[in-house]
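Here is what each chain is made of, one letter per residue.
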Amino acid sequence: MTSDITNDEESSDRQSFRASCDQIREFASNALIAAGTQVEASRSVANALTETSMRGVDSHGIRLLLHYIKVVQGGRINPGPKLAFTQTGPSTGIVDGDNGFGHHASYFAIDRAVAIAEKSGIGAVSVINSSHFGAAGSYVLRAANKGYVGLGFCNSDAFVLAHDGIHSFHGTNPIAFAAPVPGKEPYLLDMATSVVPWNRVQDYLMEGLPLPPDVTVDSSGEPTIDAAQSAALLPLGGMLYGHKGAGLASMIEVLCAIMTGSPYCSSLPAMKGPDFSTPRHMGHFFLAIDYRRFVSPPTYEAGMHAYLHDLRSQPSKPGRNVMAPGDREWLVLEERQRLGIPVMRQLRMELDHLADHLNIQRIHYDE
């Protein structure tokens, strides 16, 4: 895996303003509360959005607050959910999200999975009656920071072209995997099973930039680099090898829809307007694993450190570095802890308007 801190998603030279993590988190929480969301759920969403922005995954960060305000005010999201957990076996359980925010239900579910893994070695918890949960990495990191391996999955709207098809069918269906690295930040893989997430296309559209090739197709199923003409994303692997991404997406439909009794991709109520009132009844699936049940802690620690050192030491292209999954996120996190979260000019205007509309304090930017 090769990357650097200034790829096309995370480059900050196009950003106009910066605000601290605390400013962004407080604003998001206050906005959700002002829109009618209960305090605990508001804090869960605000934490997920802020942490995601801090890791540089801007497509799933604070920019999504505007959409979340619309859906909670429109009635799609239950603003005061009563989360319920049912343990169905020694290592399994189900969380009913009560049609609230997916972030709230997912933090709750991964915590239950970890609690089960403490006793049984593995905890598998599904979520039903949920909604969009943002970046999947937020929840598996919760497990890793408690010393457990975490996996998280979610299906989503039909944004992604069926391989060799003409129209979208699967969702971006993310896979997230995190593992503790003693003394270091966790190993973190957080990826869509499409070439890019749909929100990345919206970022390009907002900035008026052409898309990279082999990312989206138009309404006739032909490749396009025009974000405004994009009708579907390509599955991971692109036009030629998209059967791989499509296969992974299909696996996630089984875990998150079929095994939870929830709607699968193409039968989900559409996330994009104008209907902001119909609950989506989405499913998620989480695993927490106690690695100590399989290997001694000293052996695990030595193996993890040796593997990651060897990976990062591989020869790289000029101006690039071979990085382990999560390395780029931790570099961006360190930068944004110092400099703040970048907010594009258009997004700042929209957040300021939201603050005035909800009668809450605007974000204070470091200018």
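Above this note sits the structure.
An account of the accompanying structure is given in this report.

Analysis parameters
Residues numbered from 1 in each chain as written. Predicted model: local features only at pLDDT ≥ 70, side-chain atom pairs only at ≥ 80, totals over all residues. Heavy atoms only, no water. Axes fitted to C-alpha atoms, helices over the stretch in contact; angles between N-to-C directions. Helix = DSSP H or I, 4+ residues; strand = E, 2+ residues; numbered from the N terminus. Parallel < 35°, antiparallel > 145°, perpendicular 65-115°, else oblique. Left-handed = near helix turned anticlockwise from the far one by under 90°. Contact = heavy atoms within 4.5 Å. Nonpolar A, V, L, I, M, F, W, Y, C, P; charged D, E, K, R; others polar. Buried < 20%, exposed > 50% of the residue type's maximum accessible area, 1.4 Å probe, protein only. Polar contact = N/O pair within 3.5 Å; in protein donor to acceptor, adjacent residues only side chain to side chain. Patch = residues over 30% accessible without salt bridge, like charges linked within 9 Å, V, L, I, M, F, W, Y side chains within 5 Å. Areas by Shrake-Rupley, 256 points an atom, 1.4 Å probe, with all protein chains shown as cover. Salt bridge = Lys/Arg side-chain N within 4 Å of Asp/Glu carboxyl O. Pairing = 2+ DSSP bridges. Right-handed = clockwise from strand over helix to strand, strands pointing away. Phe/Tyr/Trp six-rings, centres within 6.5 Å; stacked < 30°, edge-to-face > 60°. 1 Å grid on protein atoms, 1.4 Å probe; cavity = no way out; pocket = protein on both sides within 12 Å on 5 of 7 lines; lining within 4 Å. Points joined across faces, edges and corners; volume = space filled by probe spheres on them.

**Points about the packing of helix 1 (residues 21-34) against helix 11 (residues 345-358)**
Here's step 1: With their axes 10 Å apart at the nearest point, helix 1 and helix 11 run at an angle of 40° to one another. Classified by the angle between their axes, helix 1 and helix 11 sit oblique to one another. Where helix 1 crosses over helix 11, the two elements pack in a sense that is left-handed. Here Phe27, Ala31 and Ala34 of helix 1 lie close against helix 11, whose contacting residues are Leu351, Leu354, Ala355 and Leu358.
Here's step 2: When its residues are assigned to classes, the contact of helix 1 with helix 11 shows seven nonpolar, no polar and no charged.

**Observations regarding the side chain of Arg336**
Here's step 1: Inspection of the secondary structure assignment puts Arg336 in helix 10 (residues 327-339).
Here's step 2: Since its relative accessible area comes to 2%, Arg336 is described here as buried.
Here's step 3: Within the structure, the side chain of Arg336 is placed 2.6 Å from the backbone oxygen of Ser53, a separation counted as a polar contact.

**Here's the deal with the environment of Val254**
Here's step 1: With respect to the helices, strands and loops of the structure, Val254 is situated in helix 8 (residues 243-256).
Here's step 2: Residue classification places Val254 among the partly exposed residues on the basis of a relative accessible area of 40%.
Here's step 3: With ten residues separating them along the chain, Val254 and Tyr264 place their C-alpha atoms 8.3 Å apart.

**Comments concerning a nonpolar patch on the surface**
Here's step 1: On the surface, a cluster of nonpolar side chains totalling about 480 Å² of accessible area is made up of Phe169, Val254, Ile258, Met259 and Tyr264.
Here's step 2: Inspection of the secondary structure assignment puts Met259 in the loop between helix 8 and strand 14 (282-289).

**Some details on the pairing of strand 5 (residues 122-130)**
Here's step 1: Across five bridges, the pairing between strand 4 (residues 92-96) and strand 5 is parallel. Across the sheet, residue Val95 finds its bridge partner in strand 5, namely Val127.
Here's step 2: Taken together, strand 4, helix 4 (residues 102-120) and strand 5 constitute a β-α-β crossover, and its handedness is right-handed.
Here's step 3: When strand 5 meets strand 14, the two strands line up antiparallel, connected through seven bridges. Considered in strand 14, the bridge of Ser130 is made with Met282.

**With respect to the side chain of Thr52**
Here's step 1: Examined against the element boundaries, Thr52 turns out to sit in helix 2 (residues 39-54).
Here's step 2: Side chain to side chain, Thr52 and Ser138 meet in a polar contact 3.5 Å long.
Here's step 3: Those residues in contact with Thr52, other than ones at most four positions away along the chain, are Val57, His60, Gly61, Ala135 and Ser138.

**Notes on the packing of aromatic side chains**
Here's step 1: If you walk through the whole model with that rule in mind, you get nine aromatic pairs.
Here's step 2: A ring pair is formed by Phe17 and Tyr365, whose centres lie 5.8 Å apart and whose planes are at 55°; its orientation type is tilted. Residue Phe17 is found in strand 2 (residues 17-19), and its partner Tyr365 is found in the segment after helix 11; the two are separated by 348 residues along the sequence. Across this residue pair, the class does not change: Phe17 and Tyr365 are buried.
Here's step 3: Judged by centre distance (5.6 Å) and plane angle (75°), the rings of Tyr68 and Phe101 are edge-to-face. Taken together, the positions of Tyr68 in helix 3 (residues 65-74) and Phe101 in the loop between strand 4 and helix 4 put the pair 33 residues apart, joining distant regions of the chain.
Here's step 4: For Tyr68, a relative accessible area of 2% translates into the label buried.
Here's step 5: The exposure class assigned to Phe101 is buried, which follows from its relative accessible area of 1%.
Here's step 6: Grouped by ring-pair contacts, the aromatic residues Tyr107, Phe133, Tyr139 and Phe286 constitute a single cluster.

**Description of empty space enclosed by the protein**
Here's step 1: A complete count under the given rule lists two cavities of 30 Å³ or more for this structure.
Here's step 2: In this structure, the second largest cavity spans a volume of roughly 50 Å³.
Here's step 3: Along the walls of the second largest cavity sit ten residues, with His67, Val71, Ile77, Ser131 and His132 positioned nearest its centre.
Here's step 4: Here the lining of the second largest cavity is built from residues that sort into five nonpolar, three polar and two charged.

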